[in-house]
Amino acid sequence: MSDCIFCRIVEGEIPSRKLFEDEDILAFHDAAPQAPVHFLVIPKKHIPNIMELGDGGAALLGRLLDTAQKLAAGQGCSEKGARFVINCKSDGGQTVDHLHVHVLGGRPLAWPPG
Ligand code: AMP
C-alpha cells in the first residue's frame, strides 16, 4: 500500500468526491475547501512535484491545466474566473508530495499570498 495519500485516492483506498477521471488524470474536491469552488487535478502517476515532471512532462502538464480550466468552467467560474495554483515543496507551501493543480473560485481571492 502506498503511503502517498493521493495515490491511495487514485487506487480507491481513500474516498474522494470525484469530478473527473480518465486514464491519466483524476480531479476531486479538496477536503478542506478554501473557497466555494476548490478542487484538485492530479496525474494518476506518482510525480512528487512540478520540478520532477520528467520526460513527457510538458504534455501531461498541459492536459492537467486543460482539464482544470474545463472543470472550472463547469463549476461556474467562466464569468468571474478562478485561481489555478501549483504549490511546490516547502517554500511553495506543498503539503502533499504528489503533483496537483488547485483550482479555487467562487469568491474574490487576495494577492499576493502571505
Ligand atoms: P498542498 O498544500 O498544495 O500540497 O495541497 C494539498 C491539498 O490536499 C490541501 O488543500 C488539502 O486540503 C488537500 N487534501 C489532503 N487530503 C485530502 C483528501 N483525502 N481528499 C481531498 N483533499 C485532500
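Residues numbered from 1 in each chain as written. Predicted model: local features only at pLDDT ≥ 70, side-chain atom pairs only at ≥ 80, totals over all residues. Heavy atoms only, no water.

Looking now at the sheet that holds strand β2 (residues 25–29). Read from one edge of the open sheet, five strands run β1-β2-β3-β5-β4, paired in antiparallel fashion. Of all the strands in the sheet, just β1 (18–21) and β4 (82–85) have a single pairing partner and so form its edges. Neighbour to neighbour, the strand axes of the sheet diverge by 15 degrees on average, direction disregarded. Bridge count between β1 and β2: three bridges; the pairing is antiparallel. (Pairing = 2+ DSSP bridges. Helix = DSSP H or I, 4+ residues; strand = E, 2+ residues; numbered from the N terminus. Axes fitted to C-alpha atoms, helices over the stretch in contact; angles between N-to-C directions.)

Note the cis peptide between W111 and P112, where omega equals 5 degrees. Structurally, P112 can be placed in the segment after β5 (101–105). The phi torsion at K89 lies on the positive side, around 60 degrees, for a residue other than glycine. By the secondary structure assignment, K89 is in helix α3 (residues 89–92). On the accessibility criterion, K89 (43% relative accessible area) is partly exposed. (Buried < 20%, exposed > 50% of the residue type's maximum accessible area, 1.4 Å probe, protein only.)

Okay, the site of the ligand next. For the ligand, the set of nearby residues contains 16 residues, the closest of which are D30, N87, T95, H100 and H102. Between the ligand and the protein, one listed contact pairs a nitrogen atom with a backbone N or O atom of A31 at 3.1 Å. The contact in question runs from an oxygen atom of the ligand to an N or O atom on the side chain of H102, over 2.8 Å. Protein coverage of the free-state accessible area of the ligand, which is 500 Å², stands at 82%. Elements with a minimum of two residues in the shell around the ligand: α1 (5–10) and β2. Top element by residues in the shell around the ligand is α1. It accounts for three residues. Here the shell around the ligand is composed, by residue class, of eight nonpolar, seven polar and one charged. (Near = heavy atom within 4 Å. Polar contact = N/O pair within 3.5 Å; in protein donor to acceptor, adjacent residues only side chain to side chain. Areas by Shrake-Rupley, 256 points an atom, 1.4 Å probe, with all protein chains shown as cover. Nonpolar A, V, L, I, M, F, W, Y, C, P; charged D, E, K, R; others polar.)

In short, geometric facts, not functional conclusions.
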